[in-house]
Amino acid sequence: MILASIAVLVGLGLLVWSADRFVDGAAATAKHLGMPPLLIGMVIVGFGTSAPEMVVSANAALQGSPEIALGNAYGSNISNIALILGITAILCPITVHSQILRKELPILTLMTAFAAWQVTDLELTRWDGIGLLVVFGFLMGWTIWQGTRKRKDTLNTEFTQQMDEAQPVTLSRAIFLMVLGLIVLIASSRMLVWGAAEIARGFGVSELVIGLTVIAIGTSLPELASTLAATRKGEHDLALGNILGSNLFNTLAVVGIAASIHPLSVDAVVFNRDVLVMSVLTLSLFAIGAGFRKPGRINRYEGALLLAAYIAYTTYLVVTEVTIATT
């Protein structure tokens, strides 16, 4: 048990560190190859911040722990909206004014509904996973095409500024950082999944709850760091866009990759509790951040409500598990 706990702590730390190195290396490599900043931001950084979820869920599926894979994806979505946006809005209210973000909210809501529909039969087959990946590929292609047509868009300007402000890195060092980050990312994720599964078995806690809480929060740390950094710089569109983009990655790519590797059996509680919470939180963004005020705004009170919702959800998970374990 002690070894498993150490594996989780070390695995989480290395996971966050390696994801950061991978993003830095990949972005610098892409810049050397002449990729436009918008494409780097949306694809490289998008994949990078969601890399922990993708690699952990893929390894969980390969190691026969599908509940960790699914819990990690849906739990990260819940953490991103309720925990990360909640904390960020409390520290600094988030103004929403980009037209791109106005389009992303309906897309995220639609994809969340699609994900919910897929688990109504309490299983995710390989064909379900392939379907998610196809939809994800289409959306990425459409988003990139839209972005490259609007060179003067706010989001494009922000990514350009970020790339210009970044410390210059040689191509050889960029490739080294990217490869090192990827290797450590894979190794640390395997360590994390093993440790989490051992702890779950030792305490009689379901792997699903471990995935929804400990692993979900751990793999969401890159999003927390990047969202806080963007908000602190006044780049509110980038902060919210990071969360919306990450949730799209998790819903489509992360679950799609895991289901394509290994078909997933879905417990009824996942649909009745976790998918429901994820859907309600996604819809809440329409009410508090989609721009019903001009401009749209997630204020401190709404941030506190989101954070309270996350605390209530996590408390319910823990109490339910303790109750089951003691009966």
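Residues numbered from 1 in each chain as written. Predicted model: local features only at pLDDT ≥ 70, side-chain atom pairs only at ≥ 80, totals over all residues. Heavy atoms only, no water.

A. Structural view of the packing of aromatic side chains. One pass over the structure, following the stated rule, counts two aromatic pairs. Where F114 meets W117, the ring centres are 6.0 Å apart and the plane angle is 20°; that geometry is what we call stacked. Separated by three residues within a single helix, F114 and W117 lie in helix α4 (residues 99-118), roughly one turn from each other. Under the relative-accessibility criterion, F114 is labelled partly exposed at 23%. Relative accessible area serves as the criterion here: at 55%, W117 is assigned to the exposed category. Ring geometry for F136 versus F249: centroids 5.0 Å apart, planes at 65°, classification edge-to-face. Taken together, the residues F136 in helix α5 (residues 126-149) and F249 in helix α10 (residues 236-261) connect sequence positions 113 residues apart. Residue class for F249 comes out buried when judged on its relative accessible area of 4%. (Phe/Tyr/Trp six-rings, centres within 6.5 Å; stacked < 30°, edge-to-face > 60°. Helix = DSSP H or I, 4+ residues; strand = E, 2+ residues; numbered from the N terminus. Buried < 20%, exposed > 50% of the residue type's maximum accessible area, 1.4 Å probe, protein only.)

B. Representation of the nonpolar core within the structure. In terms of nonpolar packing, the biggest core is built from 71 residues, with L70, Y74 and L124 touching the most fellow members. Per element, the largest residue contribution to this core is 12 residues, and it comes from helix α3 (residues 66-91). For Y74, the contacting residues outside a window of four places in its chain are A115, V119, L212, V255, V270, V275 and M278. (Core = buried A, V, L, I, M, F, W, Y, C linked by side-chain atoms within 4.5 Å. Contact = heavy atoms within 4.5 Å.)

C. Region of interest: helix α8 (residues 207-219). Between the first and last C-alpha of α8 there are merely 16 Å, a value that for 13 residues lags more than 12% behind the 18 Å anticipated at 1.5 Å per step. When the local axis directions of α8 are compared, the greatest deviation, roughly 25°, occurs at T213. Of all 13 residues making up α8, 11 are buried, and the element is well covered by its neighbours. Of the residues making up α8, those classed as buried are E207, L208, V209, I210, G211, L212, T213, I215, A216, G218 and T219. (Expected span 1.5 Å × (residues − 1). Bend = angle between axes of the 7 residues up to and from the residue.)

D. Region of the structure containing the packing of α3 against α8. Where α3 contacts α8, the two axes come as close as 7 Å, and the packing angle between them is 50°. The angle between the axes of α3 and α8 places the two elements in the oblique class. Seen along the crossing, α3 lies across α8 with a hand that is right-handed. Side by side, α3 and α8 meet where E67, I68, G71, N72, Y74, G75, S76, S79 and L83 of the first sit next to E207, L208, G211, L212, I215, A216, I217 and T219 of the second. Of the residues contributing to the contact of α3 with α8, the split by class is eight nonpolar, seven polar and two charged. (Axes fitted to C-alpha atoms, helices over the stretch in contact; angles between N-to-C directions. Parallel < 35°, antiparallel > 145°, perpendicular 65-115°, else oblique. Left-handed = near helix turned anticlockwise from the far one by under 90°. Nonpolar A, V, L, I, M, F, W, Y, C, P; charged D, E, K, R; others polar.)

E. Representation of α3 within the structure. A rise of 1.5 Å per residue sets the reference length of α3, with its 26 residues, at 38 Å; its end C-alpha atoms lie 36 Å apart and thus fit the reference within 8%. Remark: the principal bend of α3, roughly 35°, maps to S79. For α3, the buried fraction is high: 21 of the 26 residues fall into the buried class.

F. Geometry of the side chain of S246. Relative to the elements of secondary structure, S246 occurs in helix α10. For S246, a relative accessible area of 1% corresponds to the buried category. Within the structure, S246 has its side chain in polar contact with the side chain of N80 (distance 3.2 Å). Excluding anything up to four places from it in sequence, S246 contacts S50, N77, N80 and E223. (Polar contact = N/O pair within 3.5 Å; in protein donor to acceptor, adjacent residues only side chain to side chain.)

G. Structural context of the packing of helix α7 (residues 171-203) against α8. Remark: α7 packs on α8, axes separated minimally by 9 Å, with the N-to-C direction vectors making an angle of 125°. The angle between the axes of α7 and α8 places the two elements in the oblique class. The crossing of α7 and α8 is right-handed. Contacts between α7 and α8 involve L192, A196, A197, A200 and R201 from the former and E207, I210 and I215 from the latter. Here the residues of the contact of α7 with α8 are counted per class, giving six nonpolar, no polar and two charged.

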